[in-house]
Amino acid sequence: SVDNTPPTLELNAGTPGQIFRFPGDRVIPLEAVAVDNLAMRSVEFYANGEYIGAAEQYPFGFNWNVTGTGTITFSAIAYDQVGNSATAELTVEIARSGA
């Protein structure tokens, strides 16, 4: 049989709507909820369009090191075993501690 069905993907970072604080929060825990009708291969993670890492087994996650304040757009691409893919995006705010 031919697998033409892409996986589904949801990208999360902490609790919904969470504002991270610098320098108190040292990492942003990215979690990709990736599901395929047959089998997943991997999830790649990006910060502002730049590749930051990948996860090849469930749970698909990546800890991104916080280095300053600002708004970061994270994205993920989930691949199933035959190369079908899905993308998701999430914007996270990092504020100065005490702000």
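Please refer to the structure higher up on the page.
Residues numbered from 1 in each chain as written. Predicted model: local features only at pLDDT ≥ 70, side-chain atom pairs only at ≥ 80, totals over all residues. Heavy atoms only, no water.

Draft legend 1. Examining the packing of aromatic side chains more closely. Counted by the stated rule, this structure contains four aromatic pairs. Arranged with centres 5.7 Å apart and planes meeting at 70°, the rings of tyrosine 46 and tyrosine 51 form a pair that is edge-to-face. The partly exposed category is assigned to tyrosine 51, whose relative accessible area is 47%. Aromatic side chains tyrosine 58 and phenylalanine 60 sit 6.4 Å apart centroid to centroid with 85° between the ring planes, which places their arrangement in the edge-to-face category. (Phe/Tyr/Trp six-rings, centres within 6.5 Å; stacked < 30°, edge-to-face > 60°. Buried < 20%, exposed > 50% of the residue type's maximum accessible area, 1.4 Å probe, protein only.)

Draft legend 2. Spatial organisation of the sheet that holds strand 6 (residues 60-65). Read from one edge of the open sheet, three strands run 1-3-6, paired in antiparallel fashion. The sheet is open, and its two borders are formed by strand 1 (8-13) and strand 6, each paired with just one other strand. Strand-to-strand twist of the sheet, defined as the mean angle between neighbouring strand axes without regard to direction, takes the value 20°. Two strands pair when backbone bridges link them, and strand 1 and strand 3 (residues 27-35) are joined in this way by six bridges, in the antiparallel orientation. Opposite glutamate 10, over in strand 3, you have valine 33 as the bridge partner. (Pairing = 2+ DSSP bridges. Helix = DSSP H or I, 4+ residues; strand = E, 2+ residues; numbered from the N terminus. Axes fitted to C-alpha atoms, helices over the stretch in contact; angles between N-to-C directions.)

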